[in-house]
Amino acid sequence: RWILQEYITRPLLLKKKKFHIRWYYLYIRRENQDIENYILDIGKIFTAKDNYMEGDYQNQSIHDTHLKSTPKPLYFERDFKSEYGRDKCELVMKQIKKIFRDVAKCIDAKCYSESKECFEVFGADLMIDENFKVILIEVNTKIGLGTYQGDKVNINQILLENLMNIVLGIYIQKNDRFIQL
């Protein structure tokens, strides 16, 4: 099977670099067969190594965005809001919620026969074009738990503690970081 996708030639840039956001999406099927969908309220921003310029599409240092090419820890919404402001941040977040509501409609996951409840965490990659339109690039079952070296934000701890809060109802901390869709 193949999926073809148009290349985003005019991406929104962060400090002159192309970027994407890794977002965490949680799908839960409860015993009564109700489906719950959540997204974490924070996303990791990955940039390309070098400043973006259109063309030269074989140059990975300007077109490929990864954890290893991101010079310092960057997050949505903290760093995005400081670069583009609250209004643009809210516009993007509204689109992200809609995208994941649509993703939820495409998932028909079943629990194992011996399980009455189940869940899955997905890592989804999103890009934003120069007009602040959010585009879903891919959804992964391998969520990517890599962290930035020396990062003061422990996103894996945030993810796992809040996952336990939602899935098991074991409240390790009081402020839930997952947003129900």
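Note: the structure precedes this text.
One structure accompanies this document, and this report is about it. (Residues numbered from 1 in each chain as written. Predicted model: local features only at pLDDT ≥ 70, side-chain atom pairs only at ≥ 80, totals over all residues. Heavy atoms only, no water.)

**Looking at the pattern of salt bridges**
Pairs can form between side chains of opposite charge whenever their charged atoms are close. On inspection of all chains with the given rule, the structure shows eleven salt bridges. Measuring nitrogen to oxygen at the nearest pair gives 3.4 Å for the salt bridge that ties R10 to E54. One end of the pair, R10, is in the segment before β1 (13-14); the other, E54, is in the loop between β4 (43-47) and α1 (60-63), and 44 residues separate them in sequence. Residue classification places R10 among the partly exposed residues on the basis of a relative accessible area of 47%. Members of the salt-bridge network, linked through shared partners, are R30, E36 and E117. (Salt bridge = Lys/Arg side-chain N within 4 Å of Asp/Glu carboxyl O. Helix = DSSP H or I, 4+ residues; strand = E, 2+ residues; numbered from the N terminus. Buried < 20%, exposed > 50% of the residue type's maximum accessible area, 1.4 Å probe, protein only.)

**With respect to the packing of aromatic side chains**
Inspection of every chain in the model, using the stated rule, returns eleven aromatic pairs. Ring pairing ties together the aromatic residues W23, F76, F80, Y84 and F132, which thus form one cluster. For the cation-ring pair, K88 lies above F132, with the distance from its terminal atom to the ring centre recorded as 4.6 Å. (Phe/Tyr/Trp six-rings, centres within 6.5 Å; stacked < 30°, edge-to-face > 60°. Lys NZ or Arg CZ within 6 Å of the ring centre and 35° of its normal.)

**As for the side chain of K44**
Position of K44 relative to the elements: it lies in strand β4. For the buried K44, no salt bridge exists, and the shortest N-O distance to an oppositely charged side chain is 8.1 Å, to D151. The residues contacting K44, other than those within four sequence positions of it, are H20, I21, R22, Y24, L74, Y75, G144, L145, G146, Y148 and I155. (Lys, Arg positive; Asp, Glu negative; His and termini not counted. Contact = heavy atoms within 4.5 Å.)

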